[in-house]
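Structure at a glance
Here are the chains, one letter per residue:
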Amino acid sequence: MSLFQSLNISASALTAQRLRMDVIASNIANADTTRARLVNGQWEPYRRKMVIIEPRSGSFSGYLQAALGLADGGDGGVRVREIVDDPAPFKLVYDPDHPDASADGYVRLPNVDPLKEMVDLIGATRSYEANVTVLNASKGMLMKALEIGK
């Protein structure tokens, strides 16, 4: 394991969680957007986005073998594989006075649940804070190691 690998692992997690928080903020901001994109000549509401995070390289068995000294464990850390649309159906609300209401008076609203977004945001924030703590602990250990050499 290189001296700075723990810093690189924490930095990759911080970057991924920051993007996740940005996507969640976008979802919350568009929770009432009924005209997000034109599909087949018809306006479609905003569709919730989700961030898919995966390990940068390797697998659990690879890391286990590396811990046992039998193989190289890879780079470690995480990366964002992609940002995908949530396939959940849109919400239908009866509001015949809404400008985007259909002929029968129903409006298609985004599939964004603000409560679920807030829970996801709290999880992303906690993960971000945990990685900052790990980063600071690693930095402290490196500083102590440098002091030994004086």
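The sections below set out a description of the structure shown in this document.

1. Section: the side chain of Ser12
Relative to the assigned elements, Ser12 resides in helix α1 (residues 5-29). Among the polar contacts listed, one links the side chain of Ser12 to the side chain of Arg56, at a separation of 3.1 Å. For Ser12, the residues in contact, after removing those within four places along its chain, are Arg56, Gly77 and Val78.

2. Description of the pattern of salt bridges
Applying the stated criterion to the full structure yields 13 salt bridges. For Asp22, the salt bridge identified is with Arg18, shortest N-O distance 3.4 Å. Of this pair, Asp22 and Arg18 both sit in helix α1, 4 residues apart, which is roughly one turn of the helix. With a shortest N-O distance of 3.9 Å, Lys144 and Glu147 are connected by a salt bridge. Here Lys144 pairs with Glu147, and both are found in helix α3 (residues 114-148), just 3 residues apart, close to one helical turn. With a relative accessible area of 43%, Glu147 lands in the partly exposed category. Ionic contacts of the salt-bridge type, sharing partners, join the residues Arg37, Glu44, Lys49 and Asp85 into one network.

Quick notes on the rules
- Residues numbered from 1 in each chain as written.
- Predicted model: local features only at pLDDT ≥ 70, side-chain atom pairs only at ≥ 80, totals over all residues.
- Heavy atoms only, no water.
- Helix = DSSP H or I, 4+ residues; strand = E, 2+ residues; numbered from the N terminus.
- Polar contact = N/O pair within 3.5 Å; in protein donor to acceptor, adjacent residues only side chain to side chain.
- Contact = heavy atoms within 4.5 Å.
- Salt bridge = Lys/Arg side-chain N within 4 Å of Asp/Glu carboxyl O.
- Buried < 20%, exposed > 50% of the residue type's maximum accessible area, 1.4 Å probe, protein only.

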